[in-house]
Amino acid sequence: MCGRKTLTGDMQSIIEELAIGEWEDPDNYTPSYNIAPAQFSPILIQENDSRIVRSMKWGLIPSWSKDETMGAKLINARSETLLEKPSFQNLVPRNRCVVISDGYYEWQRRGSATKQPVYIHHPRGRLLPMAGLWSAWTSSAGDELLTYTVITTAPKKSIAHIHTRMPVILHSGDLDTWLDSDQNPLHAASNLLVPYRGDLGFHPVSTMVNSPRNNSPDCIRPITDSSTLDMF
């Protein structure tokens, strides 16, 4: 699964790399080294041929849900069963989005009791745009909440020893195919739900990332404990 991620770049560099046309509520953006479920982060969608960024809450709440609690169970969506699950099947044709990130964490099991957090990122510091789905949910009081989920797939070979799943990471040339549902049929978008074809860097990090309260560059800093490095 993908249960923690980062977005550490400045807004202008993100806008340029993703060719964003509009960033709603730009004053609310702050770089983050430890984005957790139930937190808000920038999500890229397409409207009227323009790429727009909106802040959304991590943990998808289907429009038909009676309350918000369902979001905690839907932070990820398995690519293999998207069209079978009631929570996702109606979103795939029209509500595709890109979860803007530049890295994510997984926890690799060490022995029977402990897990080592590992930071996975682009080796040259570029973004890792993740395929996602989004939904607009309205509370009983009439308040609208935008939420999203990260789509996952089988891991690429180089990181399969870390975890059995990875987020679907999109190449820049595939963003239009995923975002523009008017011009790209469902089967074309579905063909993108595969393990990442590019290079990924990874290194062990401190267990401080286990707590969402910790949010600083120290979260992604490599650790140098020799017993841990032997795992890699």
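So, how was this worked out
- Residues numbered from 1 in each chain as written.
- Predicted model: local features only at pLDDT ≥ 70, side-chain atom pairs only at ≥ 80, totals over all residues.
- Heavy atoms only, no water.
- Helix = DSSP H or I, 4+ residues; strand = E, 2+ residues; numbered from the N terminus.
- Rg over C-alpha atoms; globule rule 2.2 N^0.38 Å.
- Buried < 20%, exposed > 50% of the residue type's maximum accessible area, 1.4 Å probe, protein only.
- Contact = heavy atoms within 4.5 Å.
- Areas by Shrake-Rupley, 256 points an atom, 1.4 Å probe, with all protein chains shown as cover.
- Lys, Arg positive; Asp, Glu negative; His and termini not counted.
- Charge placed at Lys NZ, Arg CZ, Asp CG, Glu CD.
- Core = buried A, V, L, I, M, F, W, Y, C linked by side-chain atoms within 4.5 Å.
- Pairing = 2+ DSSP bridges.
- Axes fitted to C-alpha atoms, helices over the stretch in contact; angles between N-to-C directions.
- Polar contact = N/O pair within 3.5 Å; in protein donor to acceptor, adjacent residues only side chain to side chain.
- Arc of directions from axis to C-beta.
- Disulfide = S-S within 2.5 Å.
- Phe/Tyr/Trp six-rings, centres within 6.5 Å; stacked < 30°, edge-to-face > 60°.
- Lys NZ or Arg CZ within 6 Å of the ring centre and 35° of its normal.

J.: What is the right way to read the overall build of the chain from this model?
T.: When helices and strands are tallied, the chain shows 4 helices and 13 strands. For the chain, whose C-alpha radius of gyration is 17 Å, the value lies close to the compact-globule estimate of 17 Å for 232 residues. When burial is assessed residue by residue, the chain has 51% of its 232 residues classed as buried. Within the chain, contacts between residues separated by at least 24 positions form 67% of all contacts whose residues are at least 6 apart in sequence. For the chain, the exposed surface amounts to about 11,200 Å²; the carbon and sulfur share of it is 48%. Averaging the positions of the 22 positive and the 25 negative side-chain charges in the chain gives two centres separated by 10 Å.

J.: Would you mind going over the nonpolar core with me for this structure?
T.: Nonpolar side chains in soluble globular proteins tend to end up buried together. If you look at the biggest cluster of nonpolar residues, it comprises 55 residues, and the most contacted ones within it are Ile14, Ile100, Leu133, Tyr148 and Trp178. Mapped onto this core, the elements with two or more residues apiece are α1 (11–18), β4 (40–47), β5 (50–58), β7 (96–99), β9 (114–121), β10 (130–138), β11 (144–153) and α2 (175–179). In terms of nonpolar packing, the next biggest core, distinct from the first, is built from 6 residues, Tyr33, Tyr105, Val205 and Val209 among them.

J.: Looking at this structure, how should I read the sheet that holds strand β3 (residues 32–35)?
T.: Hydrogen bonding along the main chain pairs the strands of a sheet, whether they run parallel or antiparallel. The strand order β3-β1-β8-β9-β13 describes an open sheet built from 5 strands, whose pairing is antiparallel. Two strands lie at the open edges of the sheet, namely β3 and β13 (201–204), each paired on one side alone. Shown here is a sheet whose adjacent strand axes are inclined to one another by a mean of 30°, direction ignored. Relative to β3, strand β1 (residues 5–7) runs antiparallel, the two being bridged by 2 bridges. Paired with Lys5 across the strands is Ile35, a residue of β3.

J.: Help me understand the side chain of His121 in this model?
T.: Positionally, His121 belongs in strand β9. In terms of polar contacts, His121 uses its side chain to reach the side chain of His203, at 3.5 Å. Leaving out residues up to four positions away in the same chain, His121 has contacts with Asp102, Gly103, Leu128, Leu200, Gly201, Phe202 and His203.

J.: In this structure, what is going on with α1? I would like to understand it.
T.: Side chains of residues three or four places apart in an α-helix project in the same direction, reflecting 3.6 residues per turn. By the burial criterion, the buried members of α1 are Met11, Ile14 and Leu18. Down the axis of α1, the sector holding all buried residues measures 65°, keeping them to one side. Contacts from the buried residues of α1 go to β1, β2 (22–23), β4, β5 and α2. The backbone nitrogen of Gln12 lies 3.2 Å from a side-chain oxygen of the residue at the head of α1, namely Asp10. Ala19, located one to two residues past α1, shows a positive phi value of around 50°.

J.: Help me understand the state of the cysteines, please; the structure alone is not making it clear to me.
T.: Disulfide: a covalent bond formed between the sulfur atoms of two cysteine residues. In the structure shown here, the tally under the stated rule is 0 disulfides. The cysteine Cys2 is free of any disulfide, with Cys97 supplying the nearest cysteine sulfur at 13 Å. Cysteine Cys219 remains unbridged, with the sulfur of Cys2 as its closest cysteine sulfur at 15 Å.

J.: Explain the packing of aromatic side chains to me, please; I cannot follow it from the model alone.
T.: Aromatic ring pairs are defined here through the distance separating the ring centres and the angle between the ring planes. All told, the structure shown has 4 aromatic pairs when counted by the stated rule. A centroid spacing of 6.3 Å and a plane angle of 45° characterise the contact between Tyr105 and Trp107, whose relative ring orientation is tilted. Between the aromatic rings of Tyr105 and Tyr119, the centroid separation amounts to 5.1 Å while the plane-to-plane angle is 45°, which identifies the pairing as tilted. Of this pair, Tyr105 sits in strand β8 (residues 103–110) while Tyr119 sits in strand β9, and the two are 14 residues apart along the sequence. Of the residues examined, Tyr119 reaches a relative accessible area of 5% and is grouped as buried. Site record: aromatic cluster; members linked through ring pairs are Tyr105, Trp107 and Tyr119. Just above the ring of Trp58 sits the side chain of Lys5; from NZ or CZ to the centre is 4.6 Å.

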